Amino acid sequence: MALKIEYTLREATEDDKKTLTIIELDAVALFKTIPELADLGESHASPDQLSTWLSNGRIYIAEDNGKAVGFVAAVTMDTTLYIAEISTIREYQGKGVGLTLIAAVLDWARELSAATGRKPRVSLTTYREITWNAPYYRKRGFREVEAETLGPKHVEKMNHDQGERNLVRPGYTRCCMLWEEQ
Ligand SMILES: CC(C)(COP(=O)(O)OP(=O)(O)OC[C@H]1O[C@@H](n2cnc3c(N)ncnc32)[C@H](O)[C@@H]1OP(=O)(O)O)[C@@H](O)C(=O)NCCC(=O)NCCS
């Protein structure tokens, strides 16, 4: 039987911004293995962006015996809870940290749903073609949807990623994905 590793989750604060950047930079180095996207292996959220996620949403940090190994940032956007970033340090990738972080966001969506009476929903934007992006989320119950069906802020985000951020490259396209409680 595979060893089950359990992680502790805690909510990040402004004091964690340096830790979050270190985690993200280590995680995104995975993109350096794809020549067309190699530059993304150096990109990370700015301190201002982290502050916005902290004040408008939540960031959960996963720890293994006190060592920060991953984080997820989520904010409410249109009528869903949107995963703005998820990162696991490379040493811990494939060991269930991502699953733990996603489960925390789904639980938060359930909490919000109890308050609003709407079905729990979680969205994200990602690459279709990369194993650890869309196929990874598909296995976790997310399905691809048109940004328009999620609302104007999702459309704006897709346009921003394609335009200002230049994330669409030859052979690599972006999509919106949605998880809804069944
Ligand atoms: C996307 C990302 C956060 C996933 O995190 P992760 O911690 O590696 O994810 P998990 O370990 O939960 O799952 C990865 C795989 O390991 C498997 N796994 C889960 N627990 C495991 C364990 N204890 N031991 C070994 N493997 C395990 C999972 O089943 C999964 O495999 P599958 O996709 O074939 O089903 C990580 O790849 C990452 O940081 N990527 C770079 C940044 C990025 O692209 N972010 C997403 C932007 S949209």
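These numbers come from a predicted model, not from an experiment.

About the criteria used
- Residues numbered from 1 in each chain as written.
- Predicted model: local features only at pLDDT ≥ 70, side-chain atom pairs only at ≥ 80, totals over all residues.
- Heavy atoms only, no water.
- Buried < 20%, exposed > 50% of the residue type's maximum accessible area, 1.4 Å probe, protein only.
- Helix = DSSP H or I, 4+ residues; strand = E, 2+ residues; numbered from the N terminus.
- Arc of directions from axis to C-beta.
- Contact = heavy atoms within 4.5 Å.
- UniProt positions renumbered as here; feature names shortened; annotations may be inferred.
- Pairing = 2+ DSSP bridges.
- Axes fitted to C-alpha atoms, helices over the stretch in contact; angles between N-to-C directions.

The next thing to look at is helix H2 (residues 47-56). Among all positions of H2, only Leu50, Ser51, Trp53 and Leu54 are buried. Seen from one end, H2 has its buried residues packed into an arc of 160°, which puts them on one side. The exposed residues of H2 that point more than 90 degrees off its buried face are Asp48, Ser55 and Asn56. Of the surrounding secondary structure, the elements contacted by the buried residues of H2 are helix H1 (17-28), strand S2 (57-64), strand S3 (67-77) and strand S4 (80-88).

With numbering aligned to this structure, UniProt lists the feature "domain: N-acetyltransferase" (unreviewed entry) at residues 7-161. Across residues 7-161 one finds 40% helix and 27% strand; the C-alpha atoms that close the span lie 32 Å apart.

The next thing to look at is the sheet that holds strand S6 (residues 143-145). Spatially, the seven strands line up as an open sheet ordered S1-S2-S3-S4-S5-S7-S6, and their pairing is mixed. Edge positions in the sheet fall to strand S1 (8-11) and S6, since each of these pairs with one other strand and no more. Neighbouring strand axes in the sheet, compared pairwise and without regard to direction, differ in orientation by 35° on average. When S6 meets strand S7 (residues 174-180), the two strands line up antiparallel, connected through three bridges. Bridge assignment links glutamate 144 to a residue of S7, and that residue is methionine 177. Of the strands in this sheet, S3, S4, strand S5 (121-127) and S7 are in contact with helix H6 (residues 152-162), which crosses S7 at around 150°.

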